[in-house]
Amino acid sequence: MDTYYHPPDLARFGEVGKDAPELWEKFSAWYDAVFAEGALTEREKALIALAVSHAVQCPYCIDAYTTASLEKGAAPDQMTEAVHVAAAIRGGAALVHGVQMRNRLDKLSM
Amino acid sequence: MSLPTLLNTRSPLAPPAAQRARLDALPLARTFREAAASAGHEPLRPVATTTLQINVGKRCNQVCRHCHVDAGPDRREVMPDEVVEACFALLAATDVPTVDITGGAPELHPRFRDMVARAAGLGRRVMDRCNLTILTLPAYEDLAEFLAEHRVEIVASLPSYAGAMTDRQRGDGVFEKSIEALQRLNALGYGAPGSGLELDLVTNPVGAFLPAGQAVLERDWKRELERRHGIRFNRLFTITNMPISRYLDWLEQSGNLQEYMDRLVRAFNPAAVDGLMCRHTLSVGWDGRLHDCDFNQMLDLAVEPSAPQTVMDLARGLPAPDGGPASPALALAALERRRIATGPHCFGCTAGAGSSCGGATTGP
């Protein structure tokens, strides 16, 4: 079945640099620096990336950062909690707009 | 949960030749020989032998899902006396400093204690690759004391400090018994600073991914095993799962084989080639045949045909060029000029930080 997302395409990510190699190199260098050990550990960064992958609903990123989290020593319960954090923020972000609804509701109501 | 061995279930992947054929049929980005050549190792050759790794047989009281030996209680391969004696003739005539005894569960071999005592008597560093649960079996209740008495370095398998993960890989109830065994070893002084009783742990990923950084994991493990169970140990070794035998079967059954092999190839680390275990460790099979490593042994890959083929050949020795008496040291030197046999599985030892029976081969 043809779909927009193909798991093997993840390994072809580098092909995006084909017609703009300098931009790709800059992106790659910056990306590598972002995920290197710093004030946060590599494991913490992998878990943040896993959570964000769910928030932005990127299937490639979910595959990549599930593997990366495991390979940085994260446990399944930690990974599951990270996904809940993303879900809670997404859910909360929807719900907090309820205040806007209330504002409009109050204005329109007698 | 007790799983059958591949041999017992007549799995098509039980024969080593079938495993080699399966691996060779995979389309990979490059061969291991090409990768090693890119790191300046064509051909791949050994350096001086520092470890004699003796695999005394395939019998084991456990049936772990990732076992590259396909070991289990139903296996009957046990190193005969003739081979044991040849190993010790070789050791007595050479200065190989480390004797690494493995299996199966090596302690099940009827001459295990004799071998330990003789190797220690020759002044060699002796390592026992221990599954821990063997120490809790009634027939082996004095084994821990014996190992301590002979200052044996224990290299013990424990994939995770979380019980569920360990049991998933090694069988139900294994974690609890392993903790009991570790506490018993600690009580004898194993893992205590300054005791000289070395207790190292080995962790393999529970699944189709590479191990995390060894130094980072060691800090986590020391903190968590101390906090949860009051257990101390010396070093943690991270080992990449090798696509051989039961782990190969699991990769195949779970649909992970191609992706895992691609991952190993992509993660090739040229810096890991220098420290490859096969370059300084000589592997002896239960039947006396020589192999470049325990993994090649399980794939039935012999050493180069022009080199001595068995430990009995080494023990008999080769004559000196000037016609002097036959010497095992000369035979070992001849063996050390061989070309190491490689295959797709070798990418398991060069991925990421590198992997060996002594853990990562690069980095801190």
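Just above sits the structure.
All values derive from a computational prediction rather than experimental measurement.

Asker: Honestly, the overall build of chain A in this entry has me stumped. Any pointers?
Answerer: Helices and strands together make up the secondary structure of chain A, namely 5 helices and 0 strands. Tracing chain A from N to C terminus, the helices and strands come up as α-α-α-α-α. The C-alpha atoms of chain A give 19 Å as radius of gyration, which overshoots the globular expectation for 110 residues (13 Å, by more than 25%). On the principal axes, the C-alpha backbone points of chain A span a range of 60 × 35 × 35 Å. Split into buried and exposed, the 110 residues of chain A put 17% on the buried side. A separation of at least 24 residues holds for 48% of the contacts in chain A among residues at least 6 apart in sequence. A total of about 8,300 Å² of accessible surface is found on chain A, and carbon and sulfur atoms cover 64% of it.

Asker: What's the story with the packing of aromatic side chains in this structure? I'm lost.
Answerer: The relation between two aromatic rings is expressed through the spacing of the ring centres and the mutual angle of the planes. Under the definition given, this model contains 14 aromatic pairs over all chains. Where F27(A) meets W30(A), the ring centres are 6.2 Å apart and the plane angle is 55°; that geometry is what we call tilted. Separated by 3 residues within a single helix, F27(A) and W30(A) lie in helix α1 (residues 21-35), roughly one turn from each other. Each ring, one from F32(B) and one from F268(B), has its centre 6.4 Å from the other, and the planes form 85°; the classification is edge-to-face. Here F268(B) lies in the loop between α10 (257-266) and β7 (281-284) and F32(B) lies in helix α2 (residues 32-38), a separation of 236 residues in the sequence. What makes F32(B) buried here is its relative accessible area of 3%. Taken together, the ring pairs connect F13(A), W24(A), F27(A), W30(A), Y31(A), F35(A) and Y65(A) into an aromatic cluster. The aromatic ring of F233(B) is capped on one face by K222(B), whose charged end is 5.5 Å from the ring centroid.

Asker: Could you clarify how one ought to interpret the interface of chain B and chain A in this entry?
Answerer: Interface size is commonly expressed as the accessible surface area that is lost when the partners come together. Each partner contributes to the interface: chain B provides 10 residues, whereas chain A provides 7 residues. Across the chain B/chain A interface, buried area totals approximately 690 Å², and carbon plus sulfur atoms make up 55% of it. Of all residues in chain B, the largest losses of buried area upon contact with chain A belong to F209(B), A212(B) and R263(B), amounting jointly to 49% of the total for that side. Counting across the interface, chain B meets chain A through 2 salt bridges. A salt bridge links D220(B) to R43(A); its shortest N-O distance comes to 2.4 Å.

Asker: Would you take a moment to explain the nonpolar core for this structure?
Answerer: It is characteristic of soluble globular proteins that their nonpolar side chains tend to be buried jointly. Of all hydrophobic cores here, the largest spans 102 residues; its most connected members are L135(B), L147(B), Y190(B), W221(B), L225(B) and V311(B). Broken down by element, this core gets its largest block of residues, 7 residues, from helix α3 (residues 81-93) of chain B. Here Y190(B) is in contact with A144(B), L147(B), A148(B), V152(B), I154(B), L185(B), L197(B), E198(B), L199(B) and R232(B), once residues within four sequence places are set aside. L47(A), L50(A), A68(A) and A86(A) belong to the second-largest nonpolar core, a separate cluster that totals 12 residues.

Asker: What should I look at first to understand the side chain of E71(A) in this one?
Answerer: Its place among the elements puts E71(A) in helix α3 (residues 59-71). At 2.6 Å, the side chain of E71(A) and the backbone nitrogen of L210(B) are in polar contact. If we skip the residues at most four places from it in the chain, E71(A) touches F209(B), L210(B), P211(B), A212(B), G213(B) and R263(B).

Asker: What am I meant to see in the sheet that holds strand β5 (residues 199-203) of chain B here?
Answerer: In a beta sheet, neighbouring strands are held together by backbone hydrogen bonds and run either parallel or antiparallel to one another. Residues and elements named next belong to chain B. One open sheet accounts for 8 strands, arranged β6-β5-β4-β3-β2-β1-β7-β8; its pairing is mixed. Lying at the two open borders of the sheet, with one neighbouring strand each, are β6 (235-238) and β8 (290-291). Sheet topology note: the strand β1 (residues 51-55)/strand β2 (residues 98-102) ladder contains 5 bridges and is parallel. Residue pairing in the sheet places L52 in a bridge with V99 of β2.

Asker: Explain the pattern of salt bridges here, please?
Answerer: Side-chain pairing between opposite charges can occur once the charged atoms of the two side chains come close. This model, assessed by the stated rule, comprises 33 salt bridges over all chains. As a salt-bridge pair, R279(B) and D274(B) come within 3.9 Å of each other at their nearest N and O atoms. In this structure D274(B) comes out as exposed when scored by relative accessible area, which is 53%. Connected via shared salt-bridge partners are R43(A), D220(B), R223(B), E224(B), R227(B) and R228(B).

Asker: It is not clear to me how the state of the cysteines should be interpreted in this structure. Could you clarify?
Answerer: Every disulfide links exactly two cysteines, by a covalent bond between their sulfur atoms. Inspection of the entire model under this criterion finds 1 disulfide over all chains. A disulfide bridge connects C58(A) with C61(A), and the sulfur atoms are separated by 2.4 Å. Its torsion about the S-S bond being 75°, the disulfide of C58(A) and C61(A) is classed as right-handed. With no disulfide partner, C67(B) has as its closest neighbouring cysteine sulfur the one in C64(B), 6.4 Å distant. For C67(B), a relative accessible area of 15% translates into the label buried. No disulfide involves C278(B); its sulfur sits 6.1 Å from that of C293(B), the nearest cysteine.

Parameters and conventions
- Throughout this description, residue numbers start from 1 for each chain and increase along the sequence as written.
- All chains are assigned letters beginning with A, and all ligands numbers beginning with 1, in the order in which they are written.
- In view of the model being predicted, local features appear only for residues whose pLDDT reaches at least 70, and side-chain atom pairs are presented and counted only at 80 or more, with totals across whole chains, interfaces and linings using the full set of residues.
- For the side-chain quantities, the full set of heavy atoms in the structure was used; hydrogens and water were omitted.
- The secondary structure listing takes helices from DSSP runs of H or I that are at least 4 residues long and strands from runs of E that are at least 2 residues long, numbered from the N terminus.
- The globule rule is 2.2 Å times the number of residues to the power 0.38, and the radius of gyration it is compared with is taken over C-alpha atoms.
- Only protein chains enter the accessibility calculation, which uses a 1.4 Å probe. A residue is then buried if its area is under 20% of the maximum for its type, exposed if over 50%, and partly exposed in between.
- Should any heavy atoms of two residues lie within 4.5 Å, those residues are counted as being in contact.
- We get accessible surface area from the Shrake-Rupley algorithm with a probe of 1.4 Å; when it comes to residues, only the shown protein chains can shield them.
- To pair, rings of Phe, Tyr and Trp, with the six-membered ring standing in for Trp, must have centres within 6.5 Å; the planes then decide the type, stacked if under 30 degrees apart, edge-to-face if over 60, and tilted in the middle.
- Only lysine NZ and arginine CZ atoms are considered, and such an atom sits over a ring when it is within 6 Å of the ring centre and within 35 degrees of the ring normal.
- By buried area we mean how much accessible surface two parts lose on assembly, using a 1.4 Å probe and totalling the loss over both.
- Salt bridges, as used here, are contacts in which a Lys or Arg side-chain nitrogen is within 4 Å of a carboxyl oxygen on Asp or Glu.
- What makes a nonpolar core is a set of buried Ala, Val, Leu, Ile, Met, Phe, Trp, Tyr and Cys residues whose side-chain atoms join them at distances within 4.5 Å.
- Under the rule applied, a polar contact is a pair of N or O atoms within 3.5 Å (in protein, one hydrogen donor and one hydrogen acceptor; residues adjacent in sequence only if both atoms are side-chain atoms).
- Pairing between strands is defined by DSSP: at least two bridges between the two strands are required.
- Disulfides are defined as cysteine sulfur pairs within 2.5 Å.

Note that all results are geometric; they support no functional claim without further evidence.
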